[in-house]
Amino acid sequence: MKIFKPFVIITGALLLSTTLQSCLDDDDSYESVRPTALVTVSPNADGSFVMHLDEKTDLYPSNMSTSPFGKKEVRALVNYDEEAASSAKASAIRRVHINWIDSIRTKSPILAPVDNDDIGNDPIEIVKDWVTIGEDGYLTLRLRTLWGYSNIKHEINLLSGVNPENPLEFELRHNAHGDAALRHGDALIAFNLNDLQHSEEVLKIKLNWNSYTGKKSAEFEVGMRNTAPANPQYNKGGDLSVNIQ
């Protein structure tokens with residue numbers, strides 16, 4: 001059984017929670033639509049799945065036997081209720097009842113090509129928020145930029161190999177593909193860093209990006225789930241599709 005949000009889903013996007021709250025007069029209604037947590041949905045070989053709340057805490061769904069996202073491991077927003085028979089909240093294993101779950105666009109870094117003009121360098125902002133976080137080997141970001149009304153897909157990529165002296169330095173690149181800059185809108189995207197070679201429980205990475213006020217950089221601490229394989233593999237990445245309503 002697949003359980004999804006009980007309201008209009010914007011693919012890869014998150015509307016401001018304050019906007020939701022202003023539209024809901026009933027506190028219980030707000031509790032039912034707001035996300036309880038940001039998790040990693042990790043499928044098992046038998047089709048079942050577990051949700052990693054962080055590097056040390058796992059959530060086991062009591063009302064879903066298979067992942068709605070198939071065999072893909074993705075980051076997701078979820079609204080759940082703790083099972084009464086579950087262990088104490090301090091426990092690393094907790095059983096939960098999923099009310100709704102919605103995936104976040106999840107991808108891996110790509111190696112920076114010599115000529116990367118086609119990747120784009122349109123301005124974008126990183127929003128300081130509870131969902132902008134490094135945990136479970138993922139860097140999850142809440143982003144803000146300008147969107148049009150034409151449903152043009154914006155492409156977001158995380159480039160590695162941008163600094164030969166620091167393999168943990170990355171560049172966030174945004175390609176609006178000519179979309180008209182008409183109104184601000186936010187989106188979520190997650191990057192899987194678990195394939196990076198490392199031996200640390202926490203990686204300190206540097207991130208550079210082009211903002212609306214010029215070049216910016218920031219350091220993020222990313223809690224890692226476990227050590228990576230010897231030969232990291234990177235995928236080609238993909239598009240981030242957002243339709244602001």
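Source: prediction; values computed, not measured.

Definitions and cut-offs
- Residues numbered from 1 in each chain as written.
- Predicted model: local features only at pLDDT ≥ 70, side-chain atom pairs only at ≥ 80, totals over all residues.
- Heavy atoms only, no water.
- Helix = DSSP H or I, 4+ residues; strand = E, 2+ residues; numbered from the N terminus.
- Buried < 20%, exposed > 50% of the residue type's maximum accessible area, 1.4 Å probe, protein only.
- Contact = heavy atoms within 4.5 Å.
- Areas by Shrake-Rupley, 256 points an atom, 1.4 Å probe, with all protein chains shown as cover.
- pLDDT = per-residue confidence, 0-100.
- Pairing = 2+ DSSP bridges.
- Axes fitted to C-alpha atoms, helices over the stretch in contact; angles between N-to-C directions.
- Polar contact = N/O pair within 3.5 Å; in protein donor to acceptor, adjacent residues only side chain to side chain.
- Salt bridge = Lys/Arg side-chain N within 4 Å of Asp/Glu carboxyl O.

A. Quick peek at the overall build of the protein chain. A tally of regular secondary structure across the protein chain gives 2 helices and 15 strands. Classification of the 245 residues of the protein chain by burial places 47% in the buried group. A fraction of 71% describes how many contacts in the protein chain between residues 6 or more apart in sequence connect residues 24 or more apart. Carbon and sulfur atoms provide 49% of the accessible area of the protein chain, an area that totals close to 12,700 Å².

B. Quick peek at unusual backbone geometry. One non-glycine residue with positive phi stands out, namely Asp 136, at about 55°. Following the sequence through the fold, Asp 136 ends up in the loop between strand E9 (133-135) and strand E10 (138-147). With relative accessibility at 0%, the residue Asp 136 sits in the buried group. Phi is positive for Asn 151, which is not a glycine, with a value near 60°.

C. Here's a closer look at the confidence of the model for the protein chain. Across the protein chain, the average pLDDT comes to 81, with 76% of residues at or above 70. Within the protein chain, strand E8 (residues 125-126) carries the highest mean pLDDT (98), whereas helix H1 (residues 17-23) carries the lowest (36). Taken together, the stretch residues 1-25 has pLDDT below 50 and engages in 50 contacts with residues farther than four places along the chain or on a different chain. The low-confidence segment residues 227-245 (pLDDT under 50) makes 64 contacts with residues lying over four places distant or belonging to another chain.

D. How the structure looks around the sheet that holds strand E4 (residues 74-82). On the basis of which strands lie adjacent, the closed barrel formed by 5 strands has the order E1-E2-E3-E5-E4 and mixed pairing. This sheet shows a mean twist of 55° between the axes of neighbouring strands, independent of strand direction.

E. Up close: the side chain of Asn 192. Take Asn 192: it is sitting in strand E13 (residues 183-192). Within polar-contact distance, the side chain of Asn 192 engages the backbone nitrogen of Asn 194 at 2.9 Å. Each residue touching Asn 192, except ones within four places of it in the same chain, is listed here: Glu 73, Lys 107, Ser 108, Pro 109, Gly 137 and Tyr 138.

F. The pattern of salt bridges, seen in detail. Within the structure shown, the criterion is met by 10 salt bridges. When the shortest N-O distance is used, the salt bridge between Arg 75 and Glu 135 registers 3.0 Å. One end of the pair, Arg 75, is in strand E4; the other, Glu 135, is in strand E9, with 60 residues separating them in the sequence. Taking the relative accessible area as the measure of exposure, Arg 75 reaches 0% and is therefore buried.

G. Expanded view of the sheet that holds strand E14 (residues 202-211). One open sheet accounts for 5 strands, arranged E7-E11-E12-E14-E15; its pairing is mixed. Two strands lie at the open edges of the sheet, namely strand E7 (110-111) and strand E15 (214-223), each paired on one side alone. Note that strand E11 (residues 155-160) and strand E12 (residues 169-175) share 5 bridges and pair antiparallel. Within the sheet, the bridge partner assigned to Leu 158 lies in E12 and is Leu 172.

H. Layout of the side chain of His 174. Relative to the helices and strands, His 174 resides in strand E12. The residues contacting His 174, other than those within four sequence positions of it, are Ile 119, Gly 120, Asn 121, Asp 122, Pro 123, Ile 124, Thr 145, His 154, Glu 155 and Ile 156.

I. Examining the pairing of E4 more closely. Most of E4 sits out of view: 7 of its 9 residues are buried. Note that strand E1 (residues 37-43) and E4 share 5 bridges and pair antiparallel. Counted as the bridge partner of Val 41 is Val 74 from E4. Looking at chain direction, E4 and strand E5 (residues 93-103) are connected through 7 bridges and run antiparallel. Residue pairing in the sheet places Tyr 80 in a bridge with Ile 98 of E5.

J. Focus on the environment of Ile 205. The residue Ile 205 is located in strand E14 in this model. In this structure the C-alpha to C-alpha distance between Ile 205 and Leu 139, which are 66 residues apart in sequence, comes to 9.7 Å.

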